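# Understanding the architecture of this molecule
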Amino acid sequence: MTSFNRSTSRRLKKLTQIPSVWEGDRRPLSSPNQFSDSEAKGECILWVDYSQGVVRGMDVVASDIGPEAIVRTLMQAMEHPQSPARPARPQRIVVKDREIQFYLRGVLQDLDIAIDYAPELPLIDELFRGFADILDSQTPDLPPQYAQILREKAFAIWQAAPWEFLEEQQILSIEINKWDVGTLYASVMGMLGMEYGILFYRSEESLKQFRAAVLTDQESTEHLEEAFLKQDCLFLTFESADETDEDEDEEDDLADLPLSEIDPSFGNIHPLEGLRSVLYDEEALVILVAIESLSRFIRDHRRQLHEDIFPSLSRRYRISLPPSEESTKSVPVTVSTMPQLAAELEEMAGFDIDDQEIDNPDFQSLQDDLIPEDSFLSLGVVSWEMLESLRKGVSYHQAGEIKPVGDGLPVILIQTSRPKAKTVIERIETAGGLRAICFNPGADPFDGDRYDLGLLQTQNGELFLFGEFLDEDPTHVEARKKWNQRCKNTKGYCGLIIAKGLTGASRGNPQLRDMMALFEARSLSPKDLGIGTLQLMPQLKFE
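The structure displayed is predicted, hence computed values, not measured ones.

### A look at the layout of surface pockets
- In this model, the second largest pocket occupies a volume close to 270 Å³.
- Residue lining of the second largest pocket: D368, I371, P372, E373, S375, L377, I414, L465, F466, G467 and E468, and that is the complete set.
- Sort the elements by how many residues they give to the lining of the second largest pocket and strand β19 (residues 463-470) lands first, with four residues.
- Looking at the lining of the second largest pocket residue by residue, the classes come out as six nonpolar, two polar and three charged.

Here is the structure:
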């Protein structure tokens, strides 16, 4: 049995011993009458001064924590009690668990405290009855009668993964006309591999207002929070069931986790209510019908939705309702794409401005002669402090007003010899500078390999290959995750650094003095680029 250090015992014995009886116990937090999907777990440890009727110490611990926890809480009750109690040690302790009694007798034997047993602890019993009443009065996150089926439908959406082919601005209307809801407007989140879920706006106006508010001031935390809380929507989001990883930059993409580690969450946002992670009965039925009809629509039109152009589609379904007090057994629902609204939202976001729109119908081939074959290449990040130093020390082309959000500017680093670096810089400058950096899918039809192709686009529209990465390369996959996250933080800004020193001591790790040019640019998705999957042809060029 673990016992106190002698110095600890001496310190505790110096506390004034008061003629009081303390009650102590450890009990589960959950009420036996509590709803089944509650997340209330663990046990509560209480130490109360029965003589004075005050709580001296309280803690909540996991149910598998050993008996040492009750001693730690007792020490807090003696040395650092809750107000208005003062530090002291009791004359007598009473518990209702024989194992706890024997354990405390062994641990506290040097403190001159009597450890007794009693079948009832009146003050603690009263406190725990109050806790149980509070738990029983809590509203569950989901109505118990719909909780299981809602989670099942959510997992069906997760496995359908609509974010693989639908962008946030590609809105789907879901006409329900039931429970005071006319049409919901579904916006799918997740194409960037960060936040996965679906927002079901109650009006087209609310959707537009939120997009406009975010675009007005993208960097003000207060402004974004206010805009977020003014939305009028229901939502389904997904997160990792394991929330212990606090470093978001190093966090795995949810899409890479097994289904058992994915946790769906539901809720409501309204300008007058704010964010509420609770659904009431009618809201649960609305989102249940919306998710089921959306799942069917994705199943029926998956191929068309994968096309580069957002198609005009519509489909009517009859959705069965789970048994309830309502006499209605099913609801007719119409799901439709909204290409016109998508185009309007893209225009609001500025997707059609020169530095983002890549419209190259005459594209014939991809040039691979810009970057020397023996170059060192890496995907990384430049801290904001180093970026300022870099701008002062090299020639660079500024892409726009970049706000310092996140850990720095995502960059592609190309290191080669000084003469070759000068040639690369001159060619980019001759083409008007760098417009965009993109990773686009490529395929080798002869051996079946699939690639992630790193592309540079200059201001005159030319495309240059800077890297070929196998899709299954774990190092590149991890680097791309970080690249995507950082580009999201910078609102699409990134950079290309050209450095010398390939044959010197700084090979593979160029220092500031080795960097010769910085080209700031925009990061584009394959859909923005619009050239589809590139095929490796017999000439060994991607065409």
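From this point, the narrative continues.
### Notes on the confidence of the model for the protein chain
- Taken as a whole, the protein chain shows an average pLDDT of 84; of its residues, 87% reach a score of 70 or greater.
- In this model, residues 352-364 is a region of pLDDT below 50 whose contacts with residues beyond four sequence positions or in other chains number 22 contacts.

### Re the sheet that holds strand β12 (residues 314-320)
- As summarised here, the arrangement of the eight strands in space is β11-β10-β9-β8-β7-β6-β13-β12, forming an open sheet in which the pairing is antiparallel. Looking along the sheet, the strands with just one partner apiece sit at the ends: β11 (274-276) and β12. Taken over all neighbouring pairs, the strand axes of this sheet differ in orientation by 25 degrees on average, direction set aside.
- Of the pairings in the sheet, the one linking strand β10 (residues 262-270) to β11 comprises three bridges and is antiparallel in character.

### Thoughts on the pattern of salt bridges
- With the rule as written, the count across this model stands at 26 salt bridges.
- D112 is the salt-bridge partner of K13, the closest N and O atoms lying 3.7 Å from each other. A residue pair is termed long-range when its members are at least 10 positions apart, and K13 in helix α1 (residues 6-13) and D112 in the loop between α3 (98-107) and β5 (114-117) qualify at 99 residues.
- Here R391 and E388 are joined by a salt bridge, their closest N and O atoms 3.1 Å apart. Residue R391 and its partner E388 are both found in helix α10 (residues 384-393); the two are separated by three residues, about one turn of the helix.
- Salt bridges here are not isolated pairs; linked through shared partners, they connect D25, R27 and D125.

What counts and how
Residues numbered from 1 in each chain as written. Predicted model: local features only at pLDDT ≥ 70, side-chain atom pairs only at ≥ 80, totals over all residues. Heavy atoms only, no water. 1 Å grid on protein atoms, 1.4 Å probe; cavity = no way out; pocket = protein on both sides within 12 Å on 5 of 7 lines; lining within 4 Å. Points joined across faces, edges and corners; volume = space filled by probe spheres on them. Helix = DSSP H or I, 4+ residues; strand = E, 2+ residues; numbered from the N terminus. Nonpolar A, V, L, I, M, F, W, Y, C, P; charged D, E, K, R; others polar. pLDDT = per-residue confidence, 0-100. Contact = heavy atoms within 4.5 Å. Pairing = 2+ DSSP bridges. Axes fitted to C-alpha atoms, helices over the stretch in contact; angles between N-to-C directions. Salt bridge = Lys/Arg side-chain N within 4 Å of Asp/Glu carboxyl O.

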